[in-house]
Amino acid sequence: MLYIIMPVYNTEKYLDEAVGSLLNQSLSFEKHVMLHLVDDASGDGSYQICEAYRRRYPDNILVTRFERNHGVSFARNYALHHPSLRPDMIVGFMDSDDRLKEDALERVADFMDRYPDVNIAVSEIHYFGAQNAPSKLNGRFLEREVVDIQKDYRFPQYYIGGVFLRRDAMHRIHFNENMRYWEDALAVNQVILQQRKYGLARGAVYYYRKRKDATSLVDRSWRDPDRYSAFLREGYLGLMRYCRTRKGKILPYVQYVVAYHMRLFMMKSKSGILEEMMSPEQMSAFRRHVRKILRKIRPEIIVRIPTSLPIVEEMLSLRQGRPVRAKQIYTEDDCVFTLHGFEMGRLSQRNVKLIRRLRKKDSKKLAGMLWGRFDTPLYQMRETDYIFAEHDGQRIRARRYPCHKELYILGDKLRDYSYCGFAIDIPPHWERARFGIHTRGIDIRMEELDLRDAVSRPKREGARR
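1. Thoughts on the overall build of the chain
- A tally of helices and strands in the chain yields 15 helices and 23 strands.
- Its C-alpha atoms give the chain principal-axis dimensions of about 80 × 60 × 45 Å.
- Here the chain holds 465 residues, and 54% of them are scored as buried.
- Long-range contacts, defined as pairs at least 24 residues apart, comprise 73% of the intrachain contacts of the chain with a sequence gap of at least 6.
- Of the roughly 22700 Å² of accessible surface on the chain, a fraction of 45% belongs to carbon and sulfur atoms.
- Here the chain contributes 82 positively and 61 negatively charged side chains, and the mean placements of these two sets differ by 5 Å.

Printed below as a string of structure tokens:
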């Protein structure tokens, strides 16, 4: 029997879809599922919807309503200690605005049958709504079915939605009711540390809703001061302390979980919000907190994070207390970037960005030329570098065009793209071209571009609009 915990708070718009995805599972709902709807003092019609489902399925649906709002962690903890949850059940977590693929529970049950010694199974995550795409972490499902965290440290788990626990694991999970962010990641990773392994239920898909108003919601949360110092202390450091207490040291898995998530603070959109809302003194204090955490993470783990090179460089710089930049190794036809012996990328794998054709008001001398940039995070062009394009043995050198882009992360200037802008006069009959960069006396050619897709063709003079 599967016992699904679903906290509910003001989600009347989505609740039918969430519950409906459980009712329509390939695994019989009436035979194999108990759903506990915990209404956390909703102010809309959510509770009435919950009650309607309970009346329809009195043997399978349990409804609890709180008179005042306690938060999602309290709701989950309450359901975990409810007498209806029996030791022989598998407990799963689902949010009331998400949904499950129709065979998700069947795949989870099948996984649990095949691996009786694995007490945690997680689902693939697919985003839907404002964004429709699989999670970047889904790649791990193609590599193995059971993750041993002492061997496979680069397989982090963050979501509680789509997580299923049985026996020992369900009695050990607890959500910190004082935390407003990352409480689910902290709870699930504490249990993973206890169990030392978790399963990947391949094909069991949990659909995580990205709401249409996600930008404003995310913006508000990132502008909440609790997201920072308190979050670092209770979230990242809390998990590290827990691991050290349990294991005697901070395992590489926990180091990676923290470092991979910390990259979010370094991304342009989030770093910009921090710079806006923090005074120089507050930013300095925040950077000290970040450095304290990064010093507990080995450099060889940081460089394995799949993110842009400037973010890795900034993390290593904060950790070391001095600027750290990738080593550039030049060959006959390429430039390889390495950090701590790990290859971070090659210039030949990058390409230019073509923006549009320049108009007379942009530049009388360059009007009609293609305007582009080579502002790859890997590389900051030098004054002596230049871009070129080739087609059928013909080569055209680009001219310099002003660019004012710079890259800052948490107040540190990582890249100055002053020399990356260019204008190039591509013949009208060229449909494709291979672009390259000339630097340090060598030509580095990149992938061929389809010019028809890369930039729109200019309108003919006198043509009707």
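Having seen the structure, we can now continue with the description.
2. Considering a positive patch on the surface
- Positive charge collects at one region of the surface, where Arg 241, Arg 244, Lys 292 and Lys 296 lie side by side.
- Tracing the backbone shows Arg 244 in helix α9 (residues 229-247).
- Take Arg 244: its relative accessible area is 44%, and that puts it in the partly exposed class.

3. Details of the pattern of salt bridges
- Applying the stated criterion to the full structure yields 34 salt bridges.
- A salt bridge links Glu 300 to Arg 298; the shortest N-O distance between them is 2.7 Å.
- With a shortest N-O distance of 3.4 Å, Arg 395 and Glu 390 are connected by a salt bridge.
- Arg 395 gets classed as partly exposed once you look at its relative accessible area, which sits at 34%.
- A relative accessible area of 19% places Glu 390 in the buried class.
- Each of the salt bridges in this network shares a partner with another, and the network as a whole consists of Glu 431, Arg 432, Glu 448, Asp 450 and Arg 452.

4. Structural notes on the sheet that holds strand β12 (residues 335-339)
- Read across the open sheet, the 3 strands follow the order β11-β12-β13; overall the sheet is antiparallel. The two strands at the open ends of the sheet, each matched to only one other strand, are β11 (327-330) and β13 (342-346). Pairwise comparison of adjacent strand axes, ignoring direction, gives a mean angle of 35° for this sheet.
- Across 4 bridges, β11 lies against β12 in antiparallel orientation. Residue pairing in the sheet places Tyr 330 in a bridge with Cys 335 of β12.
- Of the strands in this sheet, β12 and β13 are in contact with helix α14 (residues 309-320), which crosses β12 at around 35°.

5. Topic: the packing of α9 against helix α10 (residues 252-266)
- Running from N to C, α9 and α10 point in directions that differ by 165°, and their axes come no closer than 10 Å. By the criterion of interaxial angle, the relationship of α9 to α10 is roughly antiparallel. Crossing of α9 over α10 shows left-handed handedness. Across from Phe 231, Leu 232, Tyr 236, Leu 239, Met 240 and Cys 243 in α9, the residues of α10 making contact are Val 254, Val 257, Val 258, His 261, Met 262 and Phe 265.
- Split into classes, the residues belonging to the contact of α9 with α10 amount to 11 nonpolar, 1 polar and no charged.

Parameters and conventions
Residues numbered from 1 in each chain as written. Predicted model: local features only at pLDDT ≥ 70, side-chain atom pairs only at ≥ 80, totals over all residues. Heavy atoms only, no water. Helix = DSSP H or I, 4+ residues; strand = E, 2+ residues; numbered from the N terminus. Buried < 20%, exposed > 50% of the residue type's maximum accessible area, 1.4 Å probe, protein only. Contact = heavy atoms within 4.5 Å. Areas by Shrake-Rupley, 256 points an atom, 1.4 Å probe, with all protein chains shown as cover. Lys, Arg positive; Asp, Glu negative; His and termini not counted. Charge placed at Lys NZ, Arg CZ, Asp CG, Glu CD. Patch = residues over 30% accessible without salt bridge, like charges linked within 9 Å, V, L, I, M, F, W, Y side chains within 5 Å. Salt bridge = Lys/Arg side-chain N within 4 Å of Asp/Glu carboxyl O. Pairing = 2+ DSSP bridges. Axes fitted to C-alpha atoms, helices over the stretch in contact; angles between N-to-C directions. Parallel < 35°, antiparallel > 145°, perpendicular 65-115°, else oblique. Left-handed = near helix turned anticlockwise from the far one by under 90°. Nonpolar A, V, L, I, M, F, W, Y, C, P; charged D, E, K, R; others polar.

Structural measurements only, silent on function.
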